[in-house]
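Chains, contacts and geometry: an overview
Given next are the chains, with one letter for each unit.
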Amino acid sequence: MKDNLIVNKTKQFAIRIVNLYKFLCDEKNEYVLSKQLLRSGTSIGANVREGVRGQSSSDFAMKMNIALKEASETEYWLEILYETGFLTEQQFESIYADCVEINKILNSIVKTTYEKIKGEKA
């Protein structure tokens, strides 16, 4: 798994999310939104890892689709934290760009996998 781009990116992203969660709790005394961010942001990599170890193409596709949904939710929580002043523009742009990139990669993986499954059934 060391050479798997999406596994690596989502793990590094999860680490950033954990550190951001700690910052929001310790420095900003924000616990509710940050907890939502922690859950969705770390769930992306967990679902990707499960998908990579999936038993079938359908299992893989399902887990990647869940990871995509979690990444989309994470984008939302980051936007809310920024727009309510808990994150500076610089903090937001850095982590948000990573989240958008992960979303794009996962979207491509999901689309390609479902096309492959569709082709296998034809």
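Scope of this entry: the structure provided in the associated data block. Predicted model only: the values in this text are computed from it and were never measured. (Residues numbered from 1 in each chain as written. Predicted model: local features only at pLDDT ≥ 70, side-chain atom pairs only at ≥ 80, totals over all residues. Heavy atoms only, no water.)

1. With respect to the packing of aromatic side chains
Counting across every chain of the model gives three aromatic pairs. Between the aromatic rings of Tyr76 and Trp77, the centroid separation amounts to 5.0 Å while the plane-to-plane angle is 70 degrees, which identifies the pairing as edge-to-face. On the accessibility criterion, Trp77 (15% relative accessible area) is buried. When the ring of Tyr82 is compared with that of Phe92, the centres are 4.4 Å apart and the planes differ by 15 degrees; the resulting orientation is stacked. On the criterion of sequence distance, the pair formed by Tyr82 in helix α3 (residues 57-83) and Phe92 in helix α4 (residues 89-121) is long-range, its members being ten residues apart. (Phe/Tyr/Trp six-rings, centres within 6.5 Å; stacked < 30°, edge-to-face > 60°. Buried < 20%, exposed > 50% of the residue type's maximum accessible area, 1.4 Å probe, protein only. Helix = DSSP H or I, 4+ residues; strand = E, 2+ residues; numbered from the N terminus.)

2. Observations regarding the packing of helix α1 (residues 5-28) against α4
With their axes 11 Å apart at the nearest point, α1 and α4 run at an angle of 150 degrees to one another. When the axes of α1 and α4 are compared, the pair comes out roughly antiparallel. Regarding α1 and α4, the two cross each other, and that crossing is left-handed. Across from Leu5, Ile6, Lys9, Thr10, Phe13, Arg16, Ile17, Leu20 and Phe23 in α1, the residues of α4 making contact are Gln91, Ser94, Ile95, Asp98, Cys99, Glu101, Ile102, Ile105, Leu106 and Ile109. Looking at the contact of α1 with α4, its residues break down into twelve nonpolar, three polar and four charged. (Axes fitted to C-alpha atoms, helices over the stretch in contact; angles between N-to-C directions. Parallel < 35°, antiparallel > 145°, perpendicular 65-115°, else oblique. Left-handed = near helix turned anticlockwise from the far one by under 90°. Contact = heavy atoms within 4.5 Å. Nonpolar A, V, L, I, M, F, W, Y, C, P; charged D, E, K, R; others polar.)

Shape descriptors only; they carry no functional weight alone.
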